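Chain by chain, the residues run as shown.
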4 protein chains.
Amino acid sequence: MLTDQQIQDLNQPLLDDHQFRYQFLTELLARRGVEAPDVVQQLVAFQVAIPSWALGTGGTRFGRYPLGGEPRSLEEKIQDVALLNRLNGSSNSISLHIPWDIPQDVPALQQQLRESGLTIDSMNSNTFQDQKNQPYSYKFGSLSNTETAVRQQAIQHNIECVEYGKQLGAKIHTVWLADGSNFPGQQHLRRAYQRTAESLASIYEAMPSDMTMLIEYKPYEPHFYSTVIPDWGTSYSLCQYLGQQAQVLVDLGHHLPNTNIEQIVGRLKHFGRLGGFHFNGSMYGDDDLTTGSTKPFQLFLIFNELVDAAQDQTLAEAAVAYMIDASHNTKDPLEDLLQSVESILGAYAKALLVDRAALHEAQESNDVVRAEELLRDAFLTDVRPLVAEAYRQAGGALSPVAVYRAGQVREQLIQQRGKLSLSTGL
Amino acid sequence: MLTDQQIQDLNQPLLDDHQFRYQFLTELLARRGVEAPDVVQQLVAFQVAIPSWALGTGGTRFGRYPLGGEPRSLEEKIQDVALLNRLNGSSNSISLHIPWDIPQDVPALQQQLRESGLTIDSMNSNTFQDQKNQPYSYKFGSLSNTETAVRQQAIQHNIECVEYGKQLGAKIHTVWLADGSNFPGQQHLRRAYQRTAESLASIYEAMPSDMTMLIEYKPYEPHFYSTVIPDWGTSYSLCQYLGQQAQVLVDLGHHLPNTNIEQIVGRLKHFGRLGGFHFNGSMYGDDDLTTGSTKPFQLFLIFNELVDAAQDQTLAEAAVAYMIDASHNTKDPLEDLLQSVESILGAYAKALLVDRAALHEAQESNDVVRAEELLRDAFLTDVRPLVAEAYRQAGGALSPVAVYRAGQVREQLIQQRGKLSLSTGL
Amino acid sequence: MLTDQQIQDLNQPLLDDHQFRYQFLTELLARRGVEAPDVVQQLVAFQVAIPSWALGTGGTRFGRYPLGGEPRSLEEKIQDVALLNRLNGSSNSISLHIPWDIPQDVPALQQQLRESGLTIDSMNSNTFQDQKNQPYSYKFGSLSNTETAVRQQAIQHNIECVEYGKQLGAKIHTVWLADGSNFPGQQHLRRAYQRTAESLASIYEAMPSDMTMLIEYKPYEPHFYSTVIPDWGTSYSLCQYLGQQAQVLVDLGHHLPNTNIEQIVGRLKHFGRLGGFHFNGSMYGDDDLTTGSTKPFQLFLIFNELVDAAQDQTLAEAAVAYMIDASHNTKDPLEDLLQSVESILGAYAKALLVDRAALHEAQESNDVVRAEELLRDAFLTDVRPLVAEAYRQAGGALSPVAVYRAGQVREQLIQQRGKLSLSTGL
Amino acid sequence: MLTDQQIQDLNQPLLDDHQFRYQFLTELLARRGVEAPDVVQQLVAFQVAIPSWALGTGGTRFGRYPLGGEPRSLEEKIQDVALLNRLNGSSNSISLHIPWDIPQDVPALQQQLRESGLTIDSMNSNTFQDQKNQPYSYKFGSLSNTETAVRQQAIQHNIECVEYGKQLGAKIHTVWLADGSNFPGQQHLRRAYQRTAESLASIYEAMPSDMTMLIEYKPYEPHFYSTVIPDWGTSYSLCQYLGQQAQVLVDLGHHLPNTNIEQIVGRLKHFGRLGGFHFNGSMYGDDDLTTGSTKPFQLFLIFNELVDAAQDQTLAEAAVAYMIDASHNTKDPLEDLLQSVESILGAYAKALLVDRAALHEAQESNDVVRAEELLRDAFLTDVRPLVAEAYRQAGGALSPVAVYRAGQVREQLIQQRGKLSLSTGL
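Analysis parameters
Residues numbered from 1 in each chain as written. Chains lettered and ligands numbered in written order. Predicted model: local features only at pLDDT ≥ 70, side-chain atom pairs only at ≥ 80, totals over all residues. Heavy atoms only, no water. Helix = DSSP H or I, 4+ residues; strand = E, 2+ residues; numbered from the N terminus. Rg over C-alpha atoms; globule rule 2.2 N^0.38 Å. Buried < 20%, exposed > 50% of the residue type's maximum accessible area, 1.4 Å probe, protein only. Contact = heavy atoms within 4.5 Å. Areas by Shrake-Rupley, 256 points an atom, 1.4 Å probe, with all protein chains shown as cover. Lys, Arg positive; Asp, Glu negative; His and termini not counted. Charge placed at Lys NZ, Arg CZ, Asp CG, Glu CD. UniProt positions renumbered as here; feature names shortened; annotations may be inferred. Axes fitted to C-alpha atoms, helices over the stretch in contact; angles between N-to-C directions. Parallel < 35°, antiparallel > 145°, perpendicular 65-115°, else oblique. Left-handed = near helix turned anticlockwise from the far one by under 90°. Least-squares fit on C-alpha atoms with pLDDT ≥ 70 in both. Buried area = accessible area lost by both parts, 1.4 Å probe. Salt bridge = Lys/Arg side-chain N within 4 Å of Asp/Glu carboxyl O. Polar contact = N/O pair within 3.5 Å; in protein donor to acceptor, adjacent residues only side chain to side chain. Nonpolar A, V, L, I, M, F, W, Y, C, P; charged D, E, K, R; others polar.

Enquirer: Can you explain the overall build of chain A? Please cite residues and give values.
Expert: Secondary structure summary: chain A contains 15 helices and twelve strands in total. Taking 2.2 N^0.38 as the reference for a compact globule, 426 residues should give roughly 22 Å; the C-alpha atoms of chain A span a radius of gyration of 22 Å, in line with that estimate. For chain A, the C-alpha atoms occupy an extent of roughly 65 × 60 × 40 Å along the three principal directions. Taking all 426 residues of chain A together, the buried fraction comes to 71%. Residue pairs at least 24 apart in sequence account for 81% of intrachain contacts in chain A once pairs closer than 6 positions are excluded. Looking at chain A as shown, the accessible area adds up to about 13,700 Å², and 49% of this sits on carbon and sulfur atoms. Mean positive and mean negative side-chain charge positions of chain A (33 and 50 charges, respectively) differ by 5 Å.

What follows is the structure, given as structure tokens:
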């Protein structure tokens, strides 16, 4: 489905317009002392992991409207990500979710991954739902449960994820702990924290030394009074408790209204504890929309912190895992993922354009307007030609969504997999 | 299950304590010129409708943890509400949801209702999900859909609900319109409103002259960019467009953070457009928790507005429909409903205790502290003996939850209906 | 200070870069069937009123840090706005605030305005503070006060504003009613509304037939429990009560967290009740920051609604007053206003670029991704050359802030008016 | 003004009613195994510090409406607090604010404090405003300023506060750092944090070993893009950096919408880093209203965490400083403070009534309804007789506000100090 050649062919009608725009931008940037090709190279190198669970149509508690052609197996999920990666050259890894993605035949899987040029970036455990035949229920929590047996089950599940990760070469084990309470009094808040810390320590010990545990935070949902890990401060304190391989995961949708997320990003970089991101779009809460669809300026400001930190010699180098975590209700999930990656690359490109020397000077001299204008100049620049050029240089589509549509991919997927195929996920 | 006699028996051990507390409160109130029996009588008369869809365990998009014994049919739902009403004497009607509660045998149903002393208060349509074999999908909206055929289907569904309502004696048709959009641009905001207004008009015309249409508003979820009816202003404008039988429905969980809901209640009473309530508890959004579990003071202030308006001779008399709308994840749903009704009765009792003459005087003279203290005095009073006495006088349990537990109702329900019975709902 | 000739001279070094960018954009748009000069013409015609009270440094309740050179009189305020208008050609009117801007010599003022090419767009009343020698205090409200005498004083003050407006040719009388309460019980919510409606009616009657009353809403501050006019629904209901000359004013900072403001804009246009805007930037509440500094995408979406409505033949034509309302703590207020106008023009330019025919088609066929991408395409386009060209054609500066700085305006103002001059305002 | 004897006299008419209610409650509690006198004793021992800056009428940025009789000097402030303490026996200390309360004659002050039975609990520095003749401005920050000289000035000011504290026996030095930024880019977020940490370290070193530094956090205002210490996580990280004498201060109004504050309280107790509280009421933000006026249930839940932690043997004992921080616009400030202390005592009393053994059992067995009902039982109990009895036993008024009014205190203060006396503060 959509060979490299087909993509090149579908690029043809877009090429002239692209050249026109890219050439202009190249000259514009050159006048400012920026080499466009250098920026493009950094974009080519940038990769965002695709979550296996976002390849099918998502839903809300009120309904789900699948559109057909969803991947029915882990193999088909890998095919879908390979397709995305052929289109944008920026999605060369997959986040797996256990038990939805338990590998049946590891060597075959490794083979498929190699052939597709993909890797597994992270394993994600699931203790927010009960699986069939599971001895104990997570109704009242998993890693924080009052019952030792339930906690042990949840710890064991996480350790299994770590094991799968070792087999598949994943270097990250992500814990999103949904545990919490719906009513005051239901949970002893301090003891729940303590039990969680100890459970996490058991999992931490099972990790190989080159694996990182990412600890996600979320203020509410699925519980609506308290969540055991509601904010970055709690994640951070748990990381301190566990050790240097524990890092904080920032999901853009997991914040209270009006939170300045980019400041949290800067703070965690300062502490050496920013492990990674779950990108998505959010207007009200954990809306799980397309990244960049609601607050593109915020996304840019987040990347501004990341680029600033990456260029800061005083900070220890530390990898940040870039992952998408979304759930697409009314869009074709593959189109949505292509849009998300494009928004992320755009934000990154803009952050790379910021004149940091001038910004530093303006900040030091408290020239507020100048400092702000330096950021705005980068933000207002139309960087789409840089992103398209990065796609092109990676052998992808100048406009992934347009090419995906022109190539009639969804229609083919429906034909192959059926109108009623359902992917695992929310 | 739990006969009146059993309830009386189970009341026995609680009676002495109740008398002790009720007598004290009676004297305390008498000293302030309030006759406790009068208040109790008003509590006895107060009724809250139970939603058929809250009788089973609810869920979030992340999981559902049923506890067994859930009603498997409309008949069993009526049995459950009858039980609640036997326990608290304050739940003598049911809100039905179509298509989950389509009556198969209307005369038999009417018979069951009569024998149980129950009525159907309202019909609730569902155009937020696709039903099997439905010709058109609501993926992109129902009453606001761009396609005439989809709108017609949704209108027709609502008219059917109205018809069922006529058969069952329901005087209310409730419309919660989930329609909205997830991304800027997806929906033309003005046209979507206009289509909705016209669709509602078609339904309105089908209503008999003694039926009221309640129009609910909700700012977000299941859509996360815009909702066609996001706020009371929009509901109100639609009511004006439709006619006097259209009224606004206030769901406590359907507001943006920090909304002063009691002021909206007062506003709508002022306009003669407050049709009813969906009670529930909310800390973050449409959390659908037990009423009164998170913001008991707000609940009291809402009832303060209601009682104030009810006693205002200058306002036209207008019925307000009191309904619960919740979804119980981690509690026994019947216990949760008993708690909710108790919180509502408590808030009402407190509002009845407010010294309105003194409050009026304090307000007119801008004695801020005095006005506030008058409300606080009512709020801080422990009115539970009044509520318990109302239960008792209605033949119910002094403590419905305690008696429900002592009577081992859930255990019996599981035995009768099975551990895996699943009720319709979210 | 900064003659037209000086501005032209200061434009010189920027001209080559501008031509380079404008030519590119002209061709790019031509390829999409859009004539850049047409867009520029619409930008040239677009005007935003400058509030007299934003010309000095603003403050918070915690402190104020003036920077010197602030206008000491109404005449100096007009000079400042004239300067802004010379720089950007887009600020040809002033919003006055009474009593801060009571004109002493009306004919002289009219003369100054004529010579400066400026008009007075609106009068703004102030009943949120007590003025020296005022007989009654507004501590407990003005138009909603329980005391007739206080209400009369506030009505009279508003009528005086209307009179000043008539003398100065202002066509708008703006009412921001700060009235509200800090504690439950303090104010009788329904009666406060009724008194307000009646007070407004008295003012409304005093307006000439070509004047519009704009009714602003605000959810909180300076009162923190309730505000008499907290939301658009309340403003709208008051407009209905008063008559067609009453219209709703939308201040971008006056909404609860996560409000979809562009939908309110569309709604009010639909009802024919959108009277105008107070533009500013807001991240948390009524932050009164530079317009566009925090949520540029939201600003674009608002203009998208405005342009869409303006091009809708089915809507009655209706003027919308564009005004800034801000308060600048840490910036030079004149630079801040130049930035604000530039952001507004940019958002308008982008909204003009939206391909509405294609968008209509995508919306009608529920092609979510396509509809969204059409908006994003406009938003992501770098329209700064269009705005600069509009400035240029109006005889202004290619970059107003840069030219303002190069011309050393603030330094001159400080020299003329002193380091400690203080403007009226917050 | 209001001698002990006068208070006793004014108590007389209230005594009978009090006895009636207290006796009932004593018996009610006895039936549940709780000794009312024990609870009363704990209430008698409980003390809340009064901030010197809340003794005058506060204001918003829009206006201030003083009511007369405000304290004109530190001595008069101490008189006011002494009066409050005579009335409620629960306010035996004062928080001072420098430079507003710089002591002129330390021995005389100590003498006055001793005679009044008062102490100074804490010193509060002020670097959020410029003081006359201050060499450097805090317009762009104080402890985080980019300029060394400005930081030094701010450090020096804090060290002076520490010195005053040593002289006056204060054991707490409170730092509320208003520093932040209004626009993206204005401040380098990581460097601003680092400078702050180092500045705090300089102050920390100047503290004697028995003094605690409390570090307050606040998400926004007076800056509206970022605040250097926006959340508990940041305060906590700074405390870790500084040492064990640094502790987090929780101000109830300093949180984003929907924050679960009681969980933060529990978390900080768990970490041994909860240093104290600034109590006030908040509906929207830092509203600085009467404590308990808007969210009484939240206040109870906070005390529930405090009592739970205090009774937890596994936690190291650690003093928590209870302070009020409010600003009263429309109330008599002294009445407001009496109300605040009463709400705090009420919340504490309710928390003391919680049956912790039963709660523990319910939590361990995940009996959600039971656990919730145990908290609700305490919350719904009318504990006012316990608080009144505590007042009585301390020699105070049965109803402080009523006695304050009956004693015509404000009228006397106005007579003594004048109608136009103005206290320092906001």
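Enquirer: Can you explain helix 13 (residues 384-393) of chain D? Please cite residues and give values.
Expert: An α-helix turns once every 3.6 residues. As a result, residues three or four positions apart point the same way. All names here are of chain D. Within helix 13, seven of the ten residues are buried, which leaves it mostly tucked inside the rest of the structure. Listed in full, the buried residues belonging to helix 13 are Pro 385, Leu 386, Val 387, Ala 388, Glu 389, Ala 390 and Tyr 391. At its buried positions, helix 13 is contacted by helix 1 (4-31), helix 2 (36-45), helix 3 (74-88), helix 10 (333-353) and helix 14 (400-406). Gly 395, located one to two residues past helix 13, shows a positive phi value of around 85 degrees.

Enquirer: Report on the UniProt feature "domain: Xylose isomerase-like TIM barrel" (unreviewed entry) in chain A, specifying residues and quantitative values.
Expert: Those residues carrying the UniProt feature "domain: Xylose isomerase-like TIM barrel" (unreviewed entry) are residues 103-287 of chain A in this numbering. Counted over residues 103-287 of chain A, helix gives 39% and strand 17%. Its end C-alpha atoms are 29 Å apart.

Enquirer: An account of the packing of helix 8 (residues 261-271) of chain D against helix 9 (residues 296-310) of chain D is needed here, citing residue identities and associated values.
Expert: Residues and elements named next belong to chain D. Their axes nearest at 8 Å, the elements helix 8 and helix 9 cross at an angle of 15 degrees. Judged by the angle between their axes, helix 8 and helix 9 are roughly parallel. Relative to helix 9, helix 8 is oriented so that their crossing is right-handed. On helix 9, the residues that touch Ile 261, Glu 262, Val 265, Gly 266 and Lys 269 of helix 8 are Gln 298, Leu 301, Ile 302, Glu 305, Leu 306 and Ala 309.

Enquirer: A description of the relation of the copies chain A and chain D should follow, citing residues and the corresponding values.
Expert: Copy one and copy two of the chain differ by a rotation about a common axis and a shift along it. With an RMSD of 0.0 Å, the operation that places chain A on chain D is a rotation of 180 degrees combined with a shift of 0.0 Å along the axis. The superposition operator between the copies reduces to a two-fold rotation axis. Within chain A, the C-alpha atom positioned nearest to the axis of rotation is that of A:Gly233, 2.1 Å from it.

Enquirer: Report on the environment of B:Val341, specifying residues and quantitative values.
Expert: Residues and elements named next belong to chain B. With respect to the helices and strands, Val 341 occurs in helix 10 (residues 333-353). Val 341 gets classed as buried once you look at its relative accessible area, which sits at 0%. Sequence spacing of Val 341 and Ala 49 is 292 residues, and the spatial spacing of their C-alpha atoms is 9.3 Å. In this view, Val 341 contacts Ile 50, Asn 88, Ser 90, Ser 91 and Ile 324; residues no more than four positions away in its chain are not counted.

Enquirer: How would you explain the interface of chain D and chain B if you had to name every residue and give the values?
Expert: The partner chain B presents 41 residues to the 41 residues of chain D that form the contact. Taking both partners together, chain D and chain B bury about 3,700 Å²; carbon and sulfur atoms supply 51% of that area. Its largest share of buried area at the contact with chain B, chain D owes to D:Phe20, D:Phe24 and D:Asn258, together 17% of the area lost on that side. Among the salt bridges present, the one from D:Glu372 reaches B:Lys331, with a minimum N-O distance of 2.6 Å. Joining chain D to chain B, the criterion identifies 22 residue pairs in polar contact (both at pLDDT 80 or more). When residues of the side of chain D that touches chain B are traced back to their parent elements, those giving at least two are helix 1, helix 9, helix 10, helix 12 (368-380) and helix 14 of chain D. In terms of residue count, the dominant contributor to the side of chain D that touches chain B is helix 12 of chain D (nine residues). Classifying every residue of the side of chain D that touches chain B gives 13 nonpolar, ten polar and 18 charged.

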